[in-house]
Amino acid sequence: MDESSPPPPDHDSTPPPPPPAAISGSPTDFLKGVVGKRVIVRLTSGVDYRGILSCLDGYMNIALEQTEEHVNGTTTNRYGDAFIRGNNVLYISAAEPI
């Protein structure tokens with residue numbers, strides 16, 4: 001056996017542990033878990049909307065309450081309720097622990 005070759009695989013080793021529970025789950029599970037909680041919605045334009053996720057549908061149309069609009073990290077507007085059309089949504093992120 002050449003010194004530069006890697007050692008043979010160890011077939012008696014235990015398999016790696018499963019990923020942490022926080023990472024597992026489907027996007028649908030995540031979205032159901034954040035309804036009623038504070039979220040950050042990033043639009044394709046780069047503008048962020050932060051508020052409480054009231055509801056959303058299969059097209060990712062979103063209703064937010066107590067909404068703030070953030071452009072380049074600065075709050076530019078505050079809205080009571082906001083409705084965001086789903087085709088403008090880049091992602092939704094939890095703003096608080098789920």
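Remember, predicted model here, so these are calculated numbers, not experimental data.

Trainee: Help me out: how do you make sense of the pattern of salt bridges in this one?
Mentor: If the charged atoms of two oppositely charged side chains come close together, the side chains can form a pair. As enumerated under the stated definition, the model contains three salt bridges in all. A salt bridge links arginine 50 to aspartate 48; the shortest N-O distance between them is 3.9 Å. Note on arginine 50: relative accessible area 30%, which makes it partly exposed. Of the residues examined, aspartate 48 reaches a relative accessible area of 8% and is grouped as buried. A salt bridge links arginine 78 to glutamate 68, with the nearest nitrogen and oxygen atoms 2.4 Å apart. With arginine 78 in strand β4 (residues 74–84) and glutamate 68 in strand β3 (residues 62–71), the pair connects residues that are ten residues apart, well separated along the chain. Taken together, the shared-partner salt bridges connect Arg42, Asp48 and Arg50 into one network.

Trainee: How should the sheet that holds β3 be read in this particular structure?
Mentor: Strands pair in a sheet through their backbones, by hydrogen bonds, and they do so in one of two ways: parallel or antiparallel. In space, the five strands of this open sheet follow the order β4-β3-β2-β1-β5, with antiparallel pairing throughout. The open sheet is flanked by β4 and β5 (89–94), the only strands paired with a single partner. For this sheet the average axis-to-axis angle between neighbouring strands, irrespective of direction, equals 30°. With five bridges joining them, strand β1 (residues 38–43) and β5 adopt antiparallel strand pairing. In the sheet register, valine 39 faces β5, and the bridge partner there is alanine 94. Helix α1 (residues 27–34) rests against β1, β2 (48–56) and β5 of the sheet, and its axis sits at about 60° to β5.

Calculation rules
Residues numbered from 1 in each chain as written. Predicted model: local features only at pLDDT ≥ 70, side-chain atom pairs only at ≥ 80, totals over all residues. Heavy atoms only, no water. Salt bridge = Lys/Arg side-chain N within 4 Å of Asp/Glu carboxyl O. Buried < 20%, exposed > 50% of the residue type's maximum accessible area, 1.4 Å probe, protein only. Helix = DSSP H or I, 4+ residues; strand = E, 2+ residues; numbered from the N terminus. Pairing = 2+ DSSP bridges. Axes fitted to C-alpha atoms, helices over the stretch in contact; angles between N-to-C directions. Contact = heavy atoms within 4.5 Å.

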